[in-house]
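Coordinates in review
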Amino acid sequence: MDFPDESFDVVTACPCFGYFDQEVILPNIHRMLKKDGHFAVLFMAWLSEESEIAKTSEELVLKYNPSWTGAHMTRYSLDVPPWCGELFEPVHMLTFDQPVTFTRESWHGRIKACRGIGASSLSREEIAAWEQEHLSYLQTVPELFDILHCVSILDVKKRG
């Protein structure tokens, strides 16, 4: 879909931004933003080294998909990204910890949706085997629990 030039005050991208071709998407976002419009990039990563549940879930994903690169995320600080260049100027950069409450079912769904399982090249049989093992593990944890996440928000403003 083609959007008219300068038609948005704000454009947001949640974890998806890392999957876009920046050479294509950034000029288009710049074009679609109104004068002084903002582009906000948000990202959340669970901190598996600070949660036994997250760590065990990651280990099970890696058992079935050892090439998964989404494991072992740690805290990080935001720097001005090189892609800002001539198009954007940073306004706010914020990183903070946030506990996120899950049920066994919602955590299972969250992990199943990660690219290590749901968006991977695993066969149906491998996904079913992982799912059975993960659900069995989750029966050993409380019904309701928190997983600590590192959250980052990058707010940049359109230049020019």
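Going by the structure above, here's the rest.
Figured I'd write up the structure that's included with this text. (Residues numbered from 1 in each chain as written. Predicted model: local features only at pLDDT ≥ 70, side-chain atom pairs only at ≥ 80, totals over all residues. Heavy atoms only, no water.)

Points about the packing of aromatic side chains
Inclusion rule: Stacked, tilted and edge-to-face are the three classes assigned to paired rings of Phe, Tyr and Trp, where Trp is represented by its six-membered ring and a pair needs centres within 6.5 Å; plane angles under 30 degrees give stacked, over 60 edge-to-face, the rest tilted.
Taken as a whole and judged by the stated rule, the model has ten aromatic pairs. Connected via pairs of aromatic rings, a cluster forms that spans Phe 17, Phe 39, Trp 83 and Phe 88.

Some points on the sheet that holds strand S3 (residues 88–103)
Selection rule: Any two strands are treated as partners once DSSP identifies two or more bridges connecting them. Only DSSP runs of H or I with at least four residues qualify as helices, and only runs of E with at least two residues qualify as strands; both kinds are numbered from the N terminus onward. Axis definition: a line fit to C-alpha positions, over the contact stretch in the case of helices; interaxial angles, taken between N-to-C directions, run 0 to 180 degrees. Whether two residues touch is decided by their heavy atoms; if any such pair falls within 4.5 Å, the residues are in contact.
Taken in spatial order, the four strands line up as S1-S2-S4-S3 in an open sheet, and their pairing is mixed. The open sheet has two edge strands, strand S1 (8–13) and S3, and neither has a second partner. Taken pair by pair, the neighbouring strands of this sheet meet at an average axis angle of 20°, ignoring direction. Taken together, the nine bridges between strand S2 (residues 33–46) and strand S4 (residues 144–158) define a ladder with antiparallel strand orientation. Bridge pairing links Met 44 to Val 151 in S4. Packed on one face of the sheet, helix H1 (residues 22–32) meets S1, S2, S3 and S4 and runs near 135° to S2.

Looking at the side chain of Ser 57
Rules: Whenever a nitrogen or oxygen atom comes within 3.5 Å of another N or O atom, the pair is scored as a polar contact, on the condition that within protein one atom can donate a hydrogen and the other can accept it, and that pairs from neighbouring residues in sequence are kept only if both atoms are in side chains.
Tracing the chain through its elements places Ser 57 in helix H2 (residues 52–64). In terms of polar contacts, Ser 57 uses its side chain to reach the side chain of Trp 107, at 2.8 Å. Residues in contact with Ser 57, not counting those within four places in the same chain, are Trp 107, Ile 111, His 134 and Tyr 137.

Considerations on helix H4 (residues 124–138)
Note the cut-off: One less than the number of residues in a helix, times 1.5 Å, gives the span that helix is expected to have. In this scheme, a residue with accessible area under 20% of its type's maximum is buried, one over 50% is exposed, and one in between is partly exposed, where area comes from a 1.4 Å probe on protein chains only. Throughout, the arc means that of the directions going from the helix axis to the C-beta atoms.
For H4, with 15 residues, the first-to-last C-alpha span of 21 Å sits near the 21 Å given by 1.5 Å per residue. Looking at H4, one finds that the buried residues are Ile 127, Trp 130, His 134, Tyr 137 and Leu 138. The buried residues of H4 all sit within an arc of 95° when viewed along its axis, so they share a single face. Seen from the open side of H4, the exposed residues pointing more than 90 degrees away from its buried face are Arg 124, Glu 125 and Gln 132. Structurally, H4 contributes buried residues whose contacts are with H2 and helix H3 (104–113).

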